[in-house]
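Structure assessment
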Amino acid sequence: MTQMHQVLPTVQEFVHRNHMHYIHGQWVPSVSGQMMDDENPSTREVLTRVARGREEDVHQAVQAARKAFQHQDWQQLNPNAKGVLLWRLADLMDQHLVELAQLDSLDMGMPLRQAQYGTVPMAIDHMRYMAGWATKIEGSTIPVSAGKFFNYTMRQPVGVVGAIIPWNFPLLMAVWKLGPALASGCTIVLKPAEQSPLSVLRLAELITEAKFPPGVINIVTGYGPEAGAALVAHPDVNKVAFTGSTEVGKSIMHKAAERMARVSLELGGKSPNIICADANLKRAISGSMLGIFMNQGEVCSAGSRVYVAKEIYNQALEQMSEYARRLKVGQPLDPRTQMGPVVSAEQYQRVLDYIESARQEGASVVAGGDQMPEAGPGFYIQPTIFSNVQDNMTIAREEIFGPVVAVMPFDDIEEVVVRANTSPYGLAAGVWTENVRTAHYLAHRLDAGTVWVNAYHVYDAAAPWGGFKESGFGREMGHYALELYTEVKDVWINLQ
Ligand code: NAP
Ligand code: MG
């Protein structure tokens, strides 16, 4: 059952290593000596074991990051040299792109072709984009009226960053935090998700090879309530950068408030995707199906509520079901696979429970709706489409984080705006129309950090990303990300 023969020898060798924490540029075991299992979701087998970090390990890593933050090797490194380091790391990631893609695919079930041609290249682009920013973090001069003063601002690094990331895009989520934090001159302690630490641990080796000063980047593996909570509570962490569920995000915000640590939160979503009557239906169907089924629906911005104009509803539903039935679900390392297994037994059960709740509440399955043992021994679920969904049903309100979509008809634009915005979340939204007025009108009205028109799931290092409402706050990517990792200092010089 093992899939190890399908990956590069370097990946095989890496996976089977004894995985420790990466602190001050060294591999360090947990103080407790404890390890945790890391599973392959497409076989349900234990892939490898990884150090189980706790408070004492986090403390060591934070101390290393603090020391590195104050050390001249980092403090006095000029912006150009910082940019070169980031660029060198991006080059190394590029050289090892297939390895990194295979690791994410093995570890969390992402189809290899998505990892290799989508998310890992995106992580590399992001690192390069942020390398460019290292030399462009500027202040401004301010014309003050208070007297004869020269007033100017500068942006200084916020200090030691504690970064906590989810399992759905392991390498990409790490780089979204590392890039801007390092370009800004911060140092960082990163805790990857328990389900998918491997690509980030491999990245640590590339960080050493790129010759970052020791302690600038540290990685502690472990469980959220242990290693994650210790990082949030540590008095020497100046800023917590979190991506994950809204529930955990809220608890992090509470804890960080006690010592006024800076916080940025990239949280969950229940994104509406609106197909208007005048849409190019072919594009709208394939775009909307990518919008929900990409990465098994384990995407914060998954378009999980599809609203279709009632004139074209039946036709659209039929084409969507056809698409779902044709989707190639299978072993993630198979280059033909379009959708892999969900990440874990827990997530598998959660998604199946949502499917069951939808049935119980009266929705109708038009495609899928079940587990999928024929795809393999892993946590496979059929691409699932529900019709007859009411806005107040559980599947129309809660984030499922799996391959399940509710498709609902609408009558007019004003009605669909209200329904789309009736959600505690506000991460992303999709609009499909050939009418430019409708496109801009909906883009203005929807409560979402990102609106895609005639597209879904497009991302770019230069374009800001983040949520309205309970989808969090702060914007990662683009120059906005630098605001999360810098403090503004204002200086007054008396000219009299
Ligand atoms: P999660 O359960 O909130 O976990 C996220 C991270 O937080 C993991 O590393 C987790 O560790 C850690 N954690 C858990 N409890 C913690 C605590 N008490 N203190 C500190 N850290 C803690 O989320 P998930 O299930 O991994 O990821 C799915 C969620 O992420 C979805 O809601 C999704 O929408 C969201 N997401 C948002 C974005 C965005 O850009 N807005 C992007 C991707 C994902 P463990 O791994 O040990 O649990
Ligand atoms: Mg895993």
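Just so it is clear, the structure is predicted and the values come from calculations on it, not from any experiment. (Residues numbered from 1 in each chain as written. Chains lettered and ligands numbered in written order. Predicted model: local features only at pLDDT ≥ 70, side-chain atom pairs only at ≥ 80, totals over all residues. Heavy atoms only, no water.)

The helix and strand tally for the chain stands at 17 helices and 22 strands. The C-alpha atoms of the chain give 23 Å as radius of gyration, which agrees with the globular expectation for 496 residues (23 Å, within 12%). Projected onto its principal axes, the C-alpha coordinates of the chain cover approximately 70 × 65 × 40 Å. Expressed as a percentage of the 496 residues in the chain, the buried residues total 59%. Taking contacts inside the chain between residues at least 6 apart in sequence as the whole, the part at least 24 apart equals 74%. Accessible area for the chain stands at about 19700 Å²; split by element, carbon and sulfur atoms hold 52% of it. Computed over 41 positive and 51 negative side-chain charges, the inter-centroid distance for the chain is 4 Å. (Helix = DSSP H or I, 4+ residues; strand = E, 2+ residues; numbered from the N terminus. Rg over C-alpha atoms; globule rule 2.2 N^0.38 Å. Buried < 20%, exposed > 50% of the residue type's maximum accessible area, 1.4 Å probe, protein only. Contact = heavy atoms within 4.5 Å. Areas by Shrake-Rupley, 256 points an atom, 1.4 Å probe, with all protein chains shown as cover. Lys, Arg positive; Asp, Glu negative; His and termini not counted. Charge placed at Lys NZ, Arg CZ, Asp CG, Glu CD.)

Tallying each qualifying case throughout the model produces 12 aromatic pairs. Summarising the aromatic geometry, the rings of Tyr22 and Trp27 are spaced 5.2 Å apart at their centres and angled 50 degrees between planes, so their arrangement reads as tilted. We classify Tyr22 as buried; its relative accessible area is 3%. Trp27 sits in the partly exposed class, given a relative accessible area of 33%. An aromatic cluster of three or more residues is present, and its members are Trp176, Trp452, Tyr456, Tyr459 and Trp465. Sitting above the plane of the Tyr348 ring, Arg44 keeps its charged end 5.1 Å from the centroid. (Phe/Tyr/Trp six-rings, centres within 6.5 Å; stacked < 30°, edge-to-face > 60°. Lys NZ or Arg CZ within 6 Å of the ring centre and 35° of its normal.)

Structurally, the chain comprises domain 1 (4–267 + 471–490) and domain 2 (272–462). With 31 residues of domain 1 at the interface, the matching set in domain 2 holds 34 residues. Taken together, the two surfaces of domain 1 and domain 2 that pack against each other cover about 2700 Å², and 59% of this comes from carbon and sulfur. On the domain 1 side of the contact with domain 2, Arg44, Trp167 and Ser471 bury the most area, a combined 20% of that side's loss. Where domain 1 packs against domain 2, one counts 12 residue pairs in polar contact (both at pLDDT 80 or more). The element best represented in the side of domain 1 that touches domain 2 is helix 6 (residues 112–133), accounting for 7 residues. Here the residues of the side of domain 1 that touches domain 2 are counted per class, giving 13 nonpolar, 13 polar and 5 charged. (Domains from an automatic or database assignment. Buried area = accessible area lost by both parts, 1.4 Å probe. Polar contact = N/O pair within 3.5 Å; in protein donor to acceptor, adjacent residues only side chain to side chain. Nonpolar A, V, L, I, M, F, W, Y, C, P; charged D, E, K, R; others polar.)

Turning our eyes to something else, we now look at the nonpolar core. Core analysis: the biggest nonpolar cluster contains 142 residues, and Met93, Phe212, Ile275, Met320 and Ile385 have the highest contact counts within it. Sorting elements by how many residues they give to this core places helix 7 (residues 170–183) first, with 10 residues. Shared between two domains, this core holds at least three residues of each, these being domain 1 (4–267 + 471–490) and domain 2 (272–462). Residues in contact with Phe212, not counting those within four places in the same chain, are Trp74, Leu85, Leu86, Leu89, Leu182, Ile207 and Ile217. Listed in part, the 24 residues of the second largest apolar core include Val28, Ala230, Leu231 and Phe242. (Core = buried A, V, L, I, M, F, W, Y, C linked by side-chain atoms within 4.5 Å.)

The next point concerns the coordination of the magnesium ion (ligand 2). Bound to the magnesium ion (ligand 2) on the protein side are Asp38 (OD), Glu39 (O), Asp107 (O), Asp107 (OD) and Gln195 (O), at distances that span 2.1 to 2.4 Å. Under the relative-accessibility criterion, Glu39 is labelled partly exposed at 29%. Classification of Gln195 as buried rests on a relative accessible area of 18%. (Donors = N, O, S within 2.8 Å, 3.2 Å for Na, K, Ca; no water.)

Another point: the layout of surface pockets. The computed volume of the largest pocket comes to approximately 1100 Å³. In terms of lining, the largest pocket is formed by 43 residues, of which the most central are Trp167, Phe242, Gly244, Ser245 and Val248. Contributions of two or more residues to the lining of the largest pocket are made by helix 9 (224–233), strand 10 (239–243), helix 10 (246–257) and helix 13 (345–360). For the lining of the largest pocket, the element with the highest residue contribution is helix 10, accounting for 7 residues. Class assignment for the residues of the lining of the largest pocket results in 19 nonpolar, 13 polar and 11 charged. The residues that make up the lining of the largest pocket include at least three from each of domain 1 (4–267 + 471–490) and domain 2 (272–462). In this structure, the second largest pocket occupies an estimated 430 Å³ of space. As for the second largest pocket, its lining consists of 26 residues, of which Gln114, Leu290, Met294, Asn295 and Gln338 are closest to the centre. Contributions of two or more residues to the lining of the second largest pocket are made by helix 6, helix 7 and helix 11 (281–293). In terms of residue count, the dominant contributor to the lining of the second largest pocket is helix 6 (6 residues). Considering only residue class, the lining of the second largest pocket consists of 18 nonpolar, 7 polar and 1 charged. (1 Å grid on protein atoms, 1.4 Å probe; cavity = no way out; pocket = protein on both sides within 12 Å on 5 of 7 lines; lining within 4 Å. Points joined across faces, edges and corners; volume = space filled by probe spheres on them.)

As a further point, take the sheet that holds strand 14 (residues 364–367). An order of 14-15-16-13-12-18-19 is seen for the 7 strands of this open sheet, with the pairing classed as mixed. Looking at strand neighbours, the two that pair on one side only are strand 14 and strand 19 (450–453), the edges of this open sheet. Taken pair by pair, the neighbouring strands of this sheet meet at an average axis angle of 25 degrees, ignoring direction. Here strand 18 (residues 428–432) pairs with strand 19 via 4 bridges, running parallel. For Ala428, the partnering residue across the bridge sits in strand 19 and is Thr450. Most of the contacts of helix 12 (residues 313–326) go to strand 15 (residues 384–387), to which it runs at about 160 degrees, and overall it touches strand 12 (272–275), strand 13 (305–309), strand 14, strand 15 and strand 16 (404–410). With respect to the sheet, helix 15 (residues 413–421) is in contact with strand 12, strand 13 and strand 16, its orientation differing from that of strand 16 by roughly 150 degrees. (Pairing = 2+ DSSP bridges. Axes fitted to C-alpha atoms, helices over the stretch in contact; angles between N-to-C directions.)

A few words on the pairing of strand 19. Alternating positions in strand 19 separate cleanly, Thr450 and Trp452 being buried on one face and Val451 and Val453 remaining unburied on the opposite face. A crossover connection joins strand 18 to the parallel strand 19 through helix 16 (residues 436–445); in handedness this β-α-β unit is right-handed. (Right-handed = clockwise from strand over helix to strand, strands pointing away.)

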